[in-house]
Amino acid sequence: MNFERSIEQNNFISKVDESCRKIRDTEEQAYLEEKLNDKLIPEFNKIGMLGCPISTRYGGLGYDILTYIMALERIGEEGSSIRTFFSAHTSIGQMVLQSWANEEQKEKFLPKTTTGKSIMGFALTEPDAGSDPSSMTSYYEDEGDHYVLSGKKHWIGNGTIADTMTTYARDKVTGKISAFIVDMKSPGIDTSEMKNKIGLLTVKNAEIYFHKCTIPKENILSLPGQGLNIAYSALIDGRISVAAGSIGVMVDCLTESTNHSKTRKQHGSVLGRKQLIQDHIAKIAIAIESSKWLTYRAAHSRQKLHDYVETTKIENSDWQSKLNRTNTDYSTLRAQADRLAAIAKFHASNAAFNTANRSIQIFGSYGYQKNSRVARHFLDSRATTIYEGANEVLKLKIAADILGRDFKSY
Ligand SMILES: Cc1cc2nc3c(=O)[nH]c(=O)nc-3n(C[C@H](O)[C@H](O)[C@H](O)COP(=O)(O)OP(=O)(O)OC[C@H]3O[C@@H](n4cnc5c(N)ncnc54)[C@H](O)[C@@H]3O)c2cc1C
């Protein structure tokens, strides 16, 4: 594993950096006004970021997962709101289609998403089904030539702006959960923006109501009954994206805290000369490095899974070999990526929240203001220990993976 940036990666991250700088002022303003930054999509679309890890066959840049993760890391410096937009659009949106859609579905849906004409999201969670999506009550009925979907989802990222949503529901007759590609302009869908959030104020989270919404038969992903399998595989990408964004949060906190410590004087010298402040600075640096390597390693492992699927073509030609776990290579690679993603997300999200807390302490009262960057990181990163798998559940998952299936306690 070599995580030194290549020239190509450096060039792309420079473009991401430039776009981040261009939207910084508008993002800060949008945050105060609690609205979507309307410069976000057009600016990042210019550099292809809306299809960064998606194959060039569908209009994406075709970058590997590590390059995408490095881009999210830089974007995370601008705030977890912007990074969350990309997690929803790409990591648990487009990448679900890239991994699970058949060729016709990919050709129909992906090209619009890589150019920003269609924004994506992932609708799994329900009011009574959060950490345990297997208890979902949204259901679908097979009406012969189409499905009809009913139920309610909540907290869905990009929910009010998404054009295409992967959505999960159970068969009303068999109870099995399936995944669907849903055109959000279909009749029978209502969305309502979720207000009153304490952070992530430029992300559009929504409640989504499906009232007997018609879904074309060809919009089912993979096979009926594979919904949770697909959702859990999507969460591998979601978790790695949260870990990457968390690194960015910590990098920005370190930059802000370092600058402040070098200029703010108390008791006759700058704060940076005080050993207790140096303790905070050193611990932030340690948190960044440890999170970075866990996240890059998880991305590397996820790339191996992707490469295996691409080279063996098991996805499109032989669903069974992938789905019934008789394909041991696939299962081993997926289990490893799953575990490493959970570890990276757990570690980096906790580290980012603690880091933002430290940074506010370094800033004192100057950090305790809505327009301070470190305060925004503090409020935003609080969500990162909850979504894409709450951290308690991730710990149980990691332990069960080590102890064996019989020890699964959730
Ligand atoms: C900002 C934000 C954005 C989100 N975006 C999306 C999205 O785009 N799409 C989507 O589908 N969902 C999204 N979610 C939902 C998110 O995935 C859920 O909030 C998360 O899975 C936790 O579910 P819950 O909130 O219902 O909490 P609960 O499941 O009720 O959990 C509450 C607490 O109990 C703990 N807990 C649960 N089970 C156990 C157990 N067995 N043992 C020990 N502790 C346990 C949890 O760790 C947590 O601390 C988002 C949520 C937030 C806050």
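Refer to the preceding data block for the structure.
Because the structure is a prediction, the values reported are computed rather than measured.

## A word on the packing of aromatic side chains
Where two aromatic rings form a pair, the distance of their centres and the angle of their planes describe that pair.
Point 1. Under the counting rule described, the total for this entry stands at 11 aromatic pairs.
Point 2. Pairing F3 with W293 gives two aromatic rings, centres 5.6 Å apart and planes at 25 degrees, and the pair type is stacked. Within this pair, whereas F3 is found in the segment before helix 1 (7-33), its partner W293 is found in helix 7 (residues 275-312), the two being separated by 290 residues in sequence.
Point 3. Overall, the relative accessible area of 13% leaves F3 in the buried class.

## Some details on the site of the ligand
Point 1. Taken together, 18 residues are adjacent to the ligand, and F122, T125, S131, G157 and E392 come closest.
Point 2. Within the backbone of F122, a nitrogen or oxygen atom sits 2.8 Å from a nitrogen atom of the ligand.
Point 3. For the ligand, the accessible surface in isolation is 970 Å², of which the surrounding protein chains cover 66%.
Point 4. Mapped by element, the contributors of at least two residues to the shell around the ligand are strand 3 (146-157) and helix 12 (391-403).
Point 5. In the shell around the ligand, the residues fall into 11 nonpolar, 5 polar and 2 charged.

## Comments concerning a nonpolar patch on the surface
Point 1. Together, I402, L403 and F407 make up a nonpolar patch on the protein surface, roughly 330 Å² of accessible area in all.
Point 2. If you trace the backbone, I402 turns up in helix 12.
Point 3. Looking at I402, the relative accessible area reads 55%, which means it is exposed.

## Concerning unusual backbone geometry
Negative phi is the rule for most residues except glycine; trans is the rule for most peptide bonds.
Point 1. Within the chain, N158 stands out as a residue other than glycine whose phi angle is a positive 65 degrees.
Point 2. Relative to the assigned elements, N158 resides in the loop between strand 3 and strand 4 (164-171).
Point 3. Residue classification places N158 among the buried positions, given a relative accessible area of 2%.
Point 4. Phi is positive for K212, close to 45 degrees, though the residue is something other than glycine.
Point 5. Relative to the helices and strands, K212 resides in strand 7 (residues 205-216).
Point 6. What makes K212 exposed here is its relative accessible area of 53%.

Rules used in this analysis
- Counting restarts for each chain: residues are numbered from 1 in the order of the written sequence.
- With pLDDT at 70 or above as the cut-off, local features in this predicted model cover only qualifying residues; side-chain atom pairs require 80 or more to be listed or tallied, and sums for whole chains, interfaces and linings still use all residues.
- With hydrogens and water excluded, all non-hydrogen atoms of the structure serve as input to the side-chain values.
- Pairing of aromatic rings covers Phe, Tyr and the six-membered ring of Trp, with a centre-to-centre limit of 6.5 Å; geometry is then stacked below 30 degrees between planes, edge-to-face above 60, and tilted otherwise.
- Working definition: helices are DSSP H or I runs of at least four residues, strands are E runs of at least two. Numbering for both runs from the N terminus.
- Residue exposure (1.4 Å probe, protein chains only): buried if accessible area is under 20% of the type maximum, exposed if over 50%, otherwise partly exposed.
- A cutoff of 4 Å decides nearness: a residue is near a molecule or strand if any of its heavy atoms lies inside that distance of it.
- Any pair of nitrogen or oxygen atoms within 3.5 Å is treated as a polar contact; in protein, a donor-acceptor pairing is required on top of that, and neighbouring residues in sequence qualify only through side-chain atoms on both sides.
- Surface accessibility follows the Shrake-Rupley procedure with a 1.4 Å probe radius. Residue values consider only the protein chains on display as shielding.
- Three residue categories are used. Nonpolar comprises Ala, Val, Leu, Ile, Met, Phe, Trp, Tyr, Cys and Pro, charged comprises Asp, Glu, Lys and Arg, and polar comprises the others, including Gly.
- Patch membership requires more than 30% relative accessible area and the absence of a salt bridge. Residues of like charge join within 9 Å; the nonpolar side chains Val, Leu, Ile, Met, Phe, Trp and Tyr join within 5 Å.
- Any Lys or Arg side-chain nitrogen located within 4 Å of an Asp or Glu carboxyl oxygen qualifies as a salt bridge.

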